[in-house]
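What follows is each chain in one-letter form.
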Amino acid sequence: MSSETRRMKTKIKKKEGLGWMEWIRGWACVFHEFLFQRFMSSHLPNPLSLPPLSHLTCIVTGSTSGIGRETARQLAEAGAHVVMAVRNTKAAHDLIQQWQRDWSAKGLPLNIEAMELDLLSLDSVVNFSNAWNARLAPLHVLINNAGIFAMGEEQKFSKDGYEQHMQVNHLAPALLSLLLLPSLNRGSPSRIINVNSVMHYVGFVDPDDINVVSGRRKFTSLVGYSGSKLAQVMFSNVLFKRLPLESRISVVCLSPGIVLTNVARDLPRSVQVQYALIPYFIFSPQEGCRSSLFSATDAQIPDHCEKLKTGDKPICTFISQDCKHTKPSEEAQNVETANRVWEKTVELIGLPLDALERLLQGQEVQCRYGTHQE
């Protein structure tokens, strides 16, 4: 075997997991956020102060509970037109009625509505996107908030055949973001906001084994969750780099911090007790939504995104739980893997590789999902 051939084989050797140093640094970041997030965020008001937002239309996924619920309510109270994109529309309508009653004495009615969206069904994502785009209305902020962390549960798959963490946390939001590009283009300057997690620092994703079924890695809910969050950051990095500067569409990932949300319902009873004993360290949903609200409304975000576009690596803006600009994990900045994640994602969600460019140009793009497909 020639030396050139050996060098080529070494170059293309596939990474099969995080190195020990990466893994240790990743967990250090996780524990640092858990222990010190309240101290680092002590300068932030609670709730976060928002400017008047009557000029904005915002879609918030997963907005009937937790961080999404607080995000939707506060955006609406600041005057934004808010669309609650949720699986349970009855729960959303009940919330809207409650919020309207609470707000009735303070001014005009809240401009808020609910639309059905189930991220465990890519058909539902396509149908939602088609329904929204058909309005020919501008969209200024898409907040991909909904997520899943089925702690301790066995591996489960959606009806589309994808591991549930990967579908809900990455594939479905990626499809939604791409299909809504025509509306985001009409609302330019606009933003795609991905509620991510510090747990992506300990994640690893193999684009050739995105469902973690090959046997090379043992699946756990932590592997599924952290890998899906890493895939989301990688995809966002490439999306950000591929969006032309003149589109003025910003892409932001963020960490809300360690937040007490409905995920605690799925924890073992002993772990729920521990959660109850350490309230000082864990954010409430109102505190946890501050980085989402900051990312959606801060006037400096577009300028920061524009500066990042000139860099060598495709790194989108990442906002920490204390509403400051930071960087994603080292693995998230792996350009080669990120490009492979991009290509695999576009393939799995049923779009052509040139979908982004065609959608920005106003062309029709066929997706293999959706009720219009046979």
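Structure's up top.
Residues numbered from 1 in each chain as written. Predicted model: local features only at pLDDT ≥ 70, side-chain atom pairs only at ≥ 80, totals over all residues. Heavy atoms only, no water.

Student: A description of the overall build of the protein should follow, citing residues and the corresponding values.
Tutor: Within the protein one finds 14 helices and eight strands. A compact globule built from 374 residues would reach a C-alpha radius of gyration of about 21 Å, and the protein, at 20 Å, matches this within 12%. In terms of its C-alpha atoms, the protein occupies a principal-axis envelope of roughly 80 × 55 × 40 Å. Across the 374 residues of the protein, 53% fall into the buried class. A sequence separation of at least 24 residues applies to 76% of the contacts in the protein between residues at least 6 apart. In the protein, 39 side chains carry a positive charge and 36 a negative one; their mean positions are 3 Å apart. (Helix = DSSP H or I, 4+ residues; strand = E, 2+ residues; numbered from the N terminus. Rg over C-alpha atoms; globule rule 2.2 N^0.38 Å. Buried < 20%, exposed > 50% of the residue type's maximum accessible area, 1.4 Å probe, protein only. Contact = heavy atoms within 4.5 Å. Lys, Arg positive; Asp, Glu negative; His and termini not counted. Charge placed at Lys NZ, Arg CZ, Asp CG, Glu CD.)

Student: Tell me about the pairing of strand E1 (residues 57–61), residues and numbers included.
Tutor: Across the five residues that make up E1, a large majority, five, are buried. Residues Thr 57, Ile 59 and Thr 61 line one face of E1 and the alternating positions Cys 58 and Val 60 line the opposite face, and both faces are buried. Where E1 meets strand E2 (residues 81–86), five bridges bridge the pair, whose relative direction is parallel. Bridge assignment links Cys 58 to a residue of E2, and that residue is Val 82. Where E1 and strand E4 (residues 141–144) come together, three bridges link them in parallel fashion. What sits directly across from Ile 59, in E4, is Leu 142. (Pairing = 2+ DSSP bridges.)

Student: Before we move on, can you summarise helix H2 (residues 20–40) with the specific residues and values?
Tutor: A turn of α-helix holds 3.6 residues, and therefore any two residues three or four places apart point the same way. Residue Phe 34 marks the point of greatest curvature in H2, where the axis turns by about 45°. For H2, the set of buried residues is Glu 22, Gly 26, Val 30, Glu 33 and Gln 37. (Bend = angle between axes of the 7 residues up to and from the residue.)

Student: Go over the packing of helix H3 (residues 66–77) against helix H4 (residues 89–103), please, and point to the residues and values.
Tutor: Interhelical geometry of H3 versus H4 gives an angle of 40° and a closest axis separation of 12 Å. Classed by the angle they form, the pair H3 and H4 counts as oblique. By crossing handedness, the relation of H3 to H4 is classed as right-handed. Within the contact between the two elements, H3 uses Arg 69, Ala 72, Arg 73 and Glu 77 and H4 uses Leu 95, Gln 98, Trp 99 and Trp 103. In the contact of H3 with H4, the residues fall into four nonpolar, one polar and three charged. (Axes fitted to C-alpha atoms, helices over the stretch in contact; angles between N-to-C directions. Parallel < 35°, antiparallel > 145°, perpendicular 65-115°, else oblique. Left-handed = near helix turned anticlockwise from the far one by under 90°. Nonpolar A, V, L, I, M, F, W, Y, C, P; charged D, E, K, R; others polar.)

Student: An account of the sheet that holds strand E5 (residues 190–195) is needed here, citing residue identities and associated values.
Tutor: Strand order in this open sheet of eight strands is E3-E2-E1-E4-E5-E6-E7-E8, and the pairing throughout is mixed. Two strands bound the open sheet, and with one partner strand each, they are strand E3 (112–116) and strand E8 (325–326). Here helix H5 (residues 122–133) sits on the sheet and contacts E1, E2 and E3; the angle it forms with E3, its principal contact strand, is near 140°. Where helix H6 (residues 164–179) meets the sheet, its contacts fall on E1, E4 and E5, and the angle it forms with E4 comes to roughly 170°.

Student: Before we move on, could you go through the side chain of Thr 337 and cite the residues and values that matter?
Tutor: Checked against the element boundaries, Thr 337 lands in helix H13 (residues 335–348). By relative accessible area, Thr 337 is classed as buried at 10%. With residues up to four places along the chain from it excluded, the contact list for Thr 337 reads Val 205, Pro 207, Met 234 and Glu 331.

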